[in-house]
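Observations on the three-dimensional arrangement
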Amino acid sequence: MDIYNSIQFLASISARTMKFDDIFKEIGEFGPYQRRNYVVLMFGWMITGPIMVLSVFVMGNPGHRCQIPGLGNDTYAIQGPNHNSLVHKYIPLDVDGVYDKCNLFNIDQSAASFDNDSRPINASKTKCSAWVYDKTLFYETFVMKENLVCDNKYKISLSKTIFFAGVFSGSFCFGMISDLIGRKKTLLIGVLFQLASTLALAWSQNYLMYVLLRFCTGAAVVGVFMTTYVLAMEWVGPSRRTYAGIIMAFFGPVGDLYALLISYFARDWFWILLGVSLPFAILFLLYCFLPESPRWLYGTGRKKEAGLLLEKAAKYNGKEASSKLLDNVVLEKKEAGKIWLLFSDRRLGVRTVIISFNWLVASMVFFGLSLNTGILYGDYYINFLIVVLVEFPGHALPLVMIDRLGRKRSHFIYMGVGGLACLSTIFTVNYGGQDLQYLTTALAMLGKLFATAGLITIYVLSAELFPTAIRNVGMGSSSSWARVGGMIFPFIADTADLVGGRSGTALPLSIFGGACLLAALLTLFLPETLHQMLPETIEDGKNFAT
């Protein structure tokens, strides 16, 4: 799922280095040398996926109830008739007729009286301070360790928000570091930081330590996959770059499947964290043998080193390259747009707001459905498997549609159909309940599929709508709202508990669906960019319309 955080670099690289791209005609655009390094980088790309979805398993919130007072060997599972009688006696029923998760009866043994169902009469309820957990799904999660339930349940959502705040911060920090010290050194620093922070996470002693380290893992993971993607694309020639990017996008969800495999067999947050962190030790060793980006070397004045790397690549690819390969290469200067120019005209400002909102909604729905498997009916692990698998057709759909139907129409369809699918769960949940649970899950997965396609298409649409003079700043500022979407979705998922009942179960998906429909309607105010001369100047952007 990580392609959405860094795919924007593909177009910007092509735009900045067209003259440098001519070199690949001499050394090979995607020869054996590039393919060898590409495979290593692909491995790094895939193992960042589990870091993004860790909260699904590490912060899993299983079924639970209050521990019966004085019963040290109490368990969630009923041990026998006597145990069942104690549970029935001490644990009240909630409005849905199931055992209350947060309260127990305060029974005065000397004056207590009971009804025919062995329940205390007029006994007061009190909040409990100890719980027992259902260990069918998980043997232990961090939620179970720290009792992040009932009044403390909000801390689960807060931890997810803090993680995405780390992603937001890391995207800026590692981007600057990469331009300053190079791609390879940045990758090595990022991988070490990722390994150390994820391993330390496994030994978290309390909630504060956990969220601080989770912030660090968020910053590290975006640094690793962002720089990995950039380095991979900077070694590929222009005619093969799109192909290489697509292949990397399709293999991204494989890492999520690895996380699912580890979690299914381990079912313990400590071992899950070890399982997803140790591959970074292997990755560090592999990355030590990667070459630096010749584009970065040349752009920072290290022309001789860039030339030697390119000659080595040409020889490995069976090509003959001139020793004067770089003599006439000129790198174009980066655009120097100012963010306020995005709002220098009413039309430009409205488009910027619409594009930013679409980034936010598509990301919010994508991660909201990816990282909140528990809000769906059915088997927890199978639901997550389906969540990951629908990303594959979600990546493929835009490749088939956007050059035929256009960017605007395709994005309208993705957000509209995805929104309707999520909204339809109102009927399956409220009027079908568990009898239609499979249909509810299917509709939610349809929403996830189209949210995946929507993220890809809004990237293409926004990259083509912003004028060249402010394209980089426009893409950077609008796509940053995707991080905001990642930070707010956990609290939308929590609305299910605030409302409760069947209506509460349907509420998060209804909010996702309503936001998608609004985003789809706003898309109609954007111009189509397919087969159009794209705007170069700000004046072109003001006048651009179809």
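Throughout what follows, the structure given in this document is the object of discussion. (Residues numbered from 1 in each chain as written. Predicted model: local features only at pLDDT ≥ 70, side-chain atom pairs only at ≥ 80, totals over all residues. Heavy atoms only, no water.)

Each helix and strand in the protein was counted, giving 26 helices and 4 strands. A buried classification covers 55% of the 546 residues belonging to the protein. Partitioning the contacts of the protein with sequence separation of at least 6, the portion at a separation of at least 24 is 78%. Counting only carbon and sulfur atoms, one obtains 63% of the accessible surface of the protein, whose full area is about 23,300 Å². (Helix = DSSP H or I, 4+ residues; strand = E, 2+ residues; numbered from the N terminus. Buried < 20%, exposed > 50% of the residue type's maximum accessible area, 1.4 Å probe, protein only. Contact = heavy atoms within 4.5 Å. Areas by Shrake-Rupley, 256 points an atom, 1.4 Å probe, with all protein chains shown as cover.)

Across all of its chains, the model carries 8 salt bridges by this definition. Here Lys 127 and Asp 151 are joined by a salt bridge, their closest N and O atoms 3.0 Å apart. Note that Lys 127 is positioned in strand 3 (residues 124-127) and Asp 151 in the loop between helix 9 (142-146) and helix 10 (154-181), a separation of 24 residues in sequence. This pair shows no difference in class: Lys 127 is exposed, exactly as Asp 151 is. Residues Lys 145 and Glu 146 are paired through a salt bridge, measuring 2.6 Å at the closest nitrogen-oxygen approach. You can call Lys 145 partly exposed: its relative accessible area is 31%. Exposure remark for Glu 146: the relative accessible area of 24% places this residue in the partly exposed category. When salt bridges with common partners are traced through the structure, they connect Asp 179, Arg 183 and Glu 234 into a single cluster. (Salt bridge = Lys/Arg side-chain N within 4 Å of Asp/Glu carboxyl O.)

Relative to the helices and strands, Val 254 resides in helix 13 (residues 238-266). You can call Val 254 partly exposed: its relative accessible area is 32%. In sequence terms Val 254 and Ile 47 are 207 residues apart; their C-alpha atoms lie 8.4 Å from each other.

The next thing to look at is the packing of helix 10 against helix 12 (residues 207-234). Helix 12 packs onto helix 10 with a crossing angle of 40° between their chain directions and a minimal axis gap of 6 Å. One element, helix 10, and the other, helix 12, form an angle in the oblique class. Here the hand of the crossing between helix 10 and helix 12 comes out right-handed. The residue inventory of the contact of helix 10 with helix 12, partitioned by class, reads 15 nonpolar, 11 polar and 2 charged. (Axes fitted to C-alpha atoms, helices over the stretch in contact; angles between N-to-C directions. Parallel < 35°, antiparallel > 145°, perpendicular 65-115°, else oblique. Left-handed = near helix turned anticlockwise from the far one by under 90°. Nonpolar A, V, L, I, M, F, W, Y, C, P; charged D, E, K, R; others polar.)

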